[in-house]
Amino acid sequence: MNLMKNNATKTAKKLGLVAVAMFGFGYLMVPIYNVLCEVTGINGKTGQISQSEVKIEDVDPDRLVTVEFDTNVNPNLPWTFKAKKFKQRVRPGEIAEAIFIVKNESTNSVVGQAIPSVAPELASLFFNKTECFCFVNQTLAPGETKEMVVRYVVGSELPEKITTMTLSYTFFKASEDVATKTIIDQKKSIKNNG
Amino acid sequence: MSEAVIHDDHHDHKPSGIGRWLFSTNHKDIGTMYLVFALIMFFVGGAMSMVIRAELFQPGIQYVDPQFYNSMVTVHALVMIFGALMPAGVGLANWMVPLMIGAPDMALPRMNNMSFWILPFAFTLLLSTFFMQGGAPAGGWTMYPPLVLQLGDGFPYLVFAVHFLGISSIMGAINIIATVFNMRAPGMTFMRLPLFVWAWIITAFLLIAAMPVLAGGVTMLLTDKYFGTAFFDAAGGGDPVMFQHIFWFFGHPEVYILVLPSFGVISQIIPTFSRKPLFGYTSMVYATASIAFLSFFVWAHHMFTVGMPLTGELFFMYATMSIAVPTGVKIFNWMATMWRGSMTFETPMLFAIGVLFMFSIGGFSGLMMGITPVDFQYHDTYFIVAHFHYVIVPGIIFGIIGGIYFWLPKWTGNMYDEKLGKLHFWISTISVNVLFFPMHFIGLAGMPRRIPDYSVQFADWNSIISIGGFVFGASQLILVWVVIKCVRGGEKATDQVWEGAHGLEWTLPSPPPFHTFTTPPKVTDATAHS
Amino acid sequence: MFFNKLKQIIFGITAFSLLIISEAALADYMNVLNLTEGVTPTSKMVYGLHMQILYIVTAIGVVVFSVMCWSIYHHRKSKGAVAEQFHHSTTAEITWTIIPIIILVVMAIPATKALVFMEQTGDAEMTIKVTGYQWKWKYDYLDDDISFFSSMSKDSNDARQLGSGIDPKTIENYLLDVDNRVVLPINTKIRILTTAADVIHDWWVPALGWKRDAIPGFINDNWTYIEEPGVYRGKCAELCGRDHAFMPIVVEAVPKAEYAVWVEEQKTMQLAAAEGAEREWTKDELLEKGKDVYAANCTACHMAEGQGVEGLFPALSGSAIVNNTDASEMIMLILNGKNMMPAFKDILNDADIAAAMTHERNSWGNTVKDVIQPSDVKAMR
Ligand code: HEM
Ligand SMILES: [Cu+2]
Ligand SMILES: [Cu+2]
């Protein structure tokens, strides 16, 4: 009888550990999900590469794809935000540049953070930025207008069936909370977002 | 009757008064408490669904504010899933697992007591939110951010209630596994275990693997709201869709956590009333295990519309379709058990047959929704409300009710009123179909779910549905009456109770003494299930 | 005796149901049974797939249920059936594993094709963006720089209030009508992007054959190709808070030439609206416009008579902020929102806000009774 009880306690302890491990697994799903997003392009996060990684011989001279620039401002942020030109035709493999205009409409200095998203998701795998205003927070003085640049390359391996893609940015108010910043930094290093 | 039983009778002293229940470590008493609690919650959740059906009886808003309506929808689901279905399953396991495997009690009786008493506490937390600023949770039982973060003061109560419910069910699951692994009577090998016990082992493993993930998810919600993390907040680099992945990684196994105990019950009932051994015991065990395993790879069929890459959509479509295979095997095995048997149709058998027919209907619509391109139309409509209510009400609740009728004579020592039982079955079956079948139609025709008001073309079907709902709700009072009547007295039950019953639990007296199998019985091929 | 009673009850229920069915025209029920075939190649493909699977599962159901019924009837103890004791048959078990697998493969092939077809968003001729707000939609025609909000129409909104006393059946297109329709050209491949400003919504027009979540911070893309002109109605399909049921979608599909005219009209209107913000308005003008703006944007929470909802949404009637002679706090609140109250700066223009404020400050026993000009709002932006 007692032997049984001892064994039962052992079993219970092991199972308890499994439960605790699964709680941890719930948290582990966060980085796993981010890696998966990068590999499969779920949710359209974009990659970052350095200028030197772009090889000019990759350029496909006969192919043009349309890149659209969509802009959103979270209602909590008193800014306006527009792309200078709504769309561009670019050659895959070539570095291209787009300009965005942002204005702080309020009477305070405000910090914003732009979050990019690409549609279709699959295209995000081939969409790499060498320079982007979304890599860092942007601070705008009251009433200030700023022109911001994004330099990007659409990879020449982009599947043929993709002819149009949209690069969408949403500007959010950057939280002053330190904890948030650390999370952002962690996430960015995971996602290679800069 | 074994020697052990006669021996037991000598020290059959139960504690008396309220202390018997508060501090109980007896698996039978705790089982009873779980079942009574589940029945109460069934009526609490049921009352909320009556509010929902009353509001939907006609187009226009007649009785409640839309926000309160959303709370009703949300809390109805939470109460039914975590308060009625899961505790009822654990209650049956508490009562029957030790009796079926020849153990004197559960392996960890004190933990058993605790895991039960956490439940009323957790539901007090949850239901108290109705009286708070901002009201009760109203973002759906799925708790998707950012919507759920808009909840007022009730939010932390929701999170902690989920934590406690998770802890309670994990403790229950651990106890069941520890019991079956360590306390089987000599000769009770794994492949001789009754299928109900097998179903519960697999359920318990699912619980241990899935519930902590939900706990993790809601903890992230809590820190997102109060401690500045940004797991699900796009502004901080997070992603609200990730919560859906975490939730459904728990959520799909959860639906099998709910249904497997019911499958276990009907695997006991059908052979008994067919007077024939269960067909394909081994394949039943493997089918159940593979359903459980596969259930961890299909979760994203709940979120096809979030916008996944093609490969993801294809993977989850194929995985979902593949679950139909082991599920089919189970259905066919039950049919083969009935085939060329010698069937009688007492109430438990009626409910079991009801499960076979109506769970299948839910399975068919499940298969349809697993087809991704068409699910883009079905998703978040009344079609899916029809689907999961078919699998949950006539699929799971009917199984549990069948189990209650099946074992009630064993528990109380008295036969229940068969006529009332049959009446309960027929009214429930007719009304449940009037209630849920037309939901397929309005869903296909375009009525979204979780809405307090609808455009007028849906009015006619909705009134019929509401009538079905009221009749179904009222007819459950028959169950309460049957149980009360049976506890108070009636024709005495024999030890075997049912002509075709086999297994250790039927060798005990009806009702069984307070302590059973203090000396373990010997199990041989002849006394095992088949 | 018992079965007689049971029969009576069943008879009663059947008779009662028949009574309800015959009272309304049977046709009403028959119209609300199945998926729409829709008006796009996608929706037709999805409909075909749906019917095909429906037939397959119905056939399986008929076979399985017949076997069960046959067995229940013939293998009854009361008919003298004696139980056999077999409990195993490898052949049978292999058969009922293999056959379902074959059926599933047969279903998976057209499903895969349909999915691949639906994912092809390339080569679109135009792009619109749909943004979900609590509880309205915003449409941006990205190529033409047209942008507007679309909320449920006023008659539906009045009728759907708790205890409104208005019979929904008297309202045309109850809960399915909006103030501004999305006008789209037919026979054009249109890319539709979805996103949201606050919580997750889901843009669903059944006749187009799909629905797609609108997620804050993320963009989803889809496409459609409408083949027939007409008006197609839909709804938000993802629970998004209190008024989730009240954010309909109306798509008006028109021939290309008509669409071009509409685009020009919209451009002129948006210019006029921009000018409206510059000039001085009369009190009557503001009050008249304010009533409509209030009904479309504010009644959902603050209610028709400004009475609010106890414990959830504050009353405007007698509110300290509304009755403050210095209007700046009120303007800021409306522009930027607070807690559950959404920020209206992207939703309403200066004239709209000025009008709504003038209406609120002159109604329901509020005492300030002053006039707020669009320029006052503009100054606070
Ligand atoms: C075992 C019993 C089952 C239960 C308890 C169950 C329960 C549920 C529930 C609660 C939902 C809706 C969740 C929500 O969105 O709030 C759901 C959706 C779904 N179920 Fe089941 N289900 C069961 C069996 C099945 C089977 C056998 C299949 C497929 C073969 C299936 C396929 C689906 C799919 C595809 C959805 C998502 C539908 C949509 O949101 O569009 N289910 N189920
Ligand atoms: Cu599922
Ligand atoms: Cu919505």
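Use the structure listed above.
The following refers to the structure shown. Given the structure is predicted, the values throughout are model-derived calculations rather than measurements.

### Focus on the overall build of chain B
- Within chain B one finds 15 helices and 0 strands.
- Dimensions along the principal axes, computed over C-alpha positions, put chain B at roughly 70 × 50 × 45 Å.
- Counting every position in chain B, which comprises 530 residues, the buried fraction comes to 75%.
- Across chain B, every contact between residues at least 6 apart in sequence was considered, and the portion connecting residues at least 24 apart equals 82%.
- Summed over all atoms, the accessible surface of chain B reaches about 14700 Å², with 71% contributed by carbon and sulfur.
- Taking the average location of the 21 positive side-chain charges in chain B and that of its 26 negative ones, the two points are 10 Å from each other.

### Some words on the overall build of chain A
- Tallying secondary structure elements over chain A gives 3 helices and 10 strands in all.
- Partitioning the intrachain contacts of chain A with sequence separation of at least 6 by distance along the chain shows that 77% fall at a separation of at least 24.
- In the form shown here, chain A has an accessible surface area of approximately 9100 Å², with 58% of it arising from carbon and sulfur atoms.

### Quick notes on the pattern of salt bridges
- Throughout the structure, instances matching the rule amount to 26 salt bridges over all chains.
- Measuring nitrogen to oxygen at the nearest pair gives 3.9 Å for the salt bridge that ties C:Glu84 to B:Arg340. Remark: B:Arg340 occurs in the loop between α10 (310-338) and α11 (347-370) and C:Glu84 occurs in the loop between α3 (41-74) and α4 (90-118); the pair is interchain, linking two chains.
- Between C:Glu227 and C:Lys44 there is a salt bridge, and its shortest N-O distance comes to 2.9 Å. One end of the pair, C:Glu227, is in the loop between β8 (220-224) and β9 (230-236); the other, C:Lys44, is in helix α3, with 183 residues separating them in the sequence.
- Members of the salt-bridge network, linked through shared partners, are B:Asp65, C:Arg160, C:Arg242 and C:Asp243.

### A closer look at the interface of chain A and chain B
- Each partner contributes residues to the interface: chain A has 35 residues there, and chain B has 40 residues.
- Carbon and sulfur atoms make up 73% of the surface buried where chain A meets chain B, a total of about 3200 Å² over both sides.
- Counting across the chain A and chain B interface gives 2 residue pairs in polar contact (both at pLDDT 80 or more).
- Going through the elements one at a time, α1 (2-40), β6 (110-119) and α3 (178-191) of chain A are the ones with two or more residues in the side of chain A that touches chain B.
- Per element, the largest residue contribution to the side of chain A that touches chain B is 20 residues, and it comes from α1(A).

### Focus: the coordination of the iron atom of ligand 1
All names here are of chain B.
- Just one protein atom donates to the iron atom of ligand 1; it is His-387 (NE2), sitting 2.2 Å from the metal.
- A separation of 4.5 Å is found between the iron atom of ligand 1 and the copper ion (ligand 2).
- Here His-387 lies in helix α13 (residues 382-412).

### Focus: the packing of α13(B) against helix α14 (residues 418-444) of chain B
All names here are of chain B.
- Two elements in contact, α13 and α14, have axes whose closest approach is 7 Å; the angle formed by their N-to-C orientations is 165°. By the angle between their axes, α13 is roughly antiparallel relative to α14. At the point where α13 passes α14, the crossing takes the left-handed sense.
- Taken together, the residues that form the contact of α13 with α14 break down as 17 nonpolar, 8 polar and no charged.

### Some remarks on the environment of B:Gly172
- Mapping B:Gly172 onto the fold places it in helix α6 (residues 155-182).
- In sequence terms B:Gly172 and B:Ile291 are 119 residues apart; their C-alpha atoms lie 21 Å from each other.

### Focus on the nonpolar core
- Formed by 300 residues in total, the largest nonpolar core has its most connected members in B:Phe82, B:Met143, B:Trp407, C:Tyr141 and C:Trp203.
- If you tally residues by element for this core, the top one is helix α4 (residues 66-101) of chain B, at 23 residues.
- When sequence neighbours within four positions are dropped, the list of residues in contact with B:Met143 reads B:Val148, B:Leu158, B:Val162, B:Leu214, B:Val218, B:Leu221, B:Phe243 and B:Phe247.
- If you look at the next biggest cluster of nonpolar residues, it comprises 34 residues, including A:Phe81, A:Met148, A:Leu158 and A:Ile162.

### What to know about the coordination of the copper ion (ligand 2)
- Coordination sphere of the copper ion (ligand 2), protein contribution only: B:His252 (ND1), B:His301 (NE2) and B:His302 (NE2), at 1.7 to 2.0 Å.
- Between consecutive donor residues of the copper ion (ligand 2), the sequence gaps follow H-x48-H-H.

### A short note on the environment of C:Met68
- Looking at the secondary structure, you find C:Met68 in helix α3.
- Dropping the residues within four chain positions of it, C:Met68 is found in contact with B:Met335, B:Leu356 and B:Phe357.

### Overview of the interface of chain C and chain B
- Counting residues at the interface gives 101 residues for chain C, matched by 105 residues for chain B.
- Between chain C and chain B, the buried area comes to about 9000 Å², and carbon and sulfur atoms account for 72% of it.
- On inspection of chain C and its partner chain B, the count reaches 3 salt bridges.
- Taken together, the links from chain C to chain B amount to 23 residue pairs in polar contact (both at pLDDT 80 or more).
- Among the elements of the structure, α1 (2-23), α2 (26-31), α3, α4, β6 (201-205), β7 (210-214) and β9 of chain C are those that each provide at least two residues to the side of chain C that touches chain B.

### Points about the sheet that holds strand β4 (residues 87-90) of chain A
All names here are of chain A.
- Taken together, the 5 strands give an open sheet; going across it, the order is β4-β2-β10-β6-β8, and neighbouring strands pair in mixed fashion. Each edge of the sheet is formed by a strand with only one pairing partner; in this case those strands are β4 and β8 (138-140). Taken over all neighbouring pairs, the strand axes of this sheet differ in orientation by 30° on average, direction set aside.
- As paired strands, strand β2 (residues 65-73) and β4 are joined by 4 bridges and run antiparallel to one another. Following the sheet pairing, Glu-68 is matched in β4 by Lys-87.

### Some words on the site of ligand 1
Residue and element names in this part refer to chain B.
- The environment of ligand 1 is made up of 22 residues, and the closest members are Trp-248, Asp-375, His-379, His-387 and Arg-449.
- One of the side-chain N or O atoms of Asp-375 is found 2.5 Å from an oxygen atom in ligand 1.
- His-379 places a polar side-chain atom, nitrogen or oxygen, 2.8 Å from an oxygen atom of ligand 1.
- At the level of secondary structure, the elements contributing two or more residues to the shell around ligand 1 comprise α8 (240-274), α11 and α13.
- In terms of residues, the shell around ligand 1 owes the most to one element, α13, which gives 6 residues.
- Taken together, the residues that form the shell around ligand 1 break down as 13 nonpolar, 7 polar and 2 charged.

### Section: the side chain of C:Asn362
- The residue C:Asn362 is located in the loop between α10 (350-361) and α11 (374-380) in this model.
- A polar contact is formed between the side chain of C:Asn362 and the side chain of C:Lys283, at a distance of 3.0 Å.

### Some points on the sheet that holds strand β4 (residues 182-185) of chain C
Residues and elements named next belong to chain C.
- Taken in spatial order, the 5 strands line up as β4-β10-β9-β6-β7 in an open sheet, and their pairing is mixed. Strands with a single pairing partner mark the edges of an open sheet, and in this sheet they are β4 and β7. Along the sheet, successive strands turn relative to each other by an average axial angle of 25°, direction set aside.

### Concerning the pairing of strand β10 (residues 249-254) of chain C
All names here are of chain C.
- Across the 6 residues of β10, 5 count as buried, placing the element largely inside the fold.
- Where β4 meets β10, 4 bridges bridge the pair, whose relative direction is parallel. Along β10, the bridge assignment pairs Val-183 with Glu-252.
- Judged from the 5 bridges that link them, β9 and β10 form a sheet pairing that is antiparallel.

Criteria and thresholds
Residues numbered from 1 in each chain as written. Chains lettered and ligands numbered in written order. Predicted model: local features only at pLDDT ≥ 70, side-chain atom pairs only at ≥ 80, totals over all residues. Heavy atoms only, no water. Helix = DSSP H or I, 4+ residues; strand = E, 2+ residues; numbered from the N terminus. Buried < 20%, exposed > 50% of the residue type's maximum accessible area, 1.4 Å probe, protein only. Contact = heavy atoms within 4.5 Å. Areas by Shrake-Rupley, 256 points an atom, 1.4 Å probe, with all protein chains shown as cover. Lys, Arg positive; Asp, Glu negative; His and termini not counted. Charge placed at Lys NZ, Arg CZ, Asp CG, Glu CD. Salt bridge = Lys/Arg side-chain N within 4 Å of Asp/Glu carboxyl O. Buried area = accessible area lost by both parts, 1.4 Å probe. Polar contact = N/O pair within 3.5 Å; in protein donor to acceptor, adjacent residues only side chain to side chain. Donors = N, O, S within 2.8 Å, 3.2 Å for Na, K, Ca; no water. Axes fitted to C-alpha atoms, helices over the stretch in contact; angles between N-to-C directions. Parallel < 35°, antiparallel > 145°, perpendicular 65-115°, else oblique. Left-handed = near helix turned anticlockwise from the far one by under 90°. Nonpolar A, V, L, I, M, F, W, Y, C, P; charged D, E, K, R; others polar. Core = buried A, V, L, I, M, F, W, Y, C linked by side-chain atoms within 4.5 Å. Pairing = 2+ DSSP bridges. Near = heavy atom within 4 Å.

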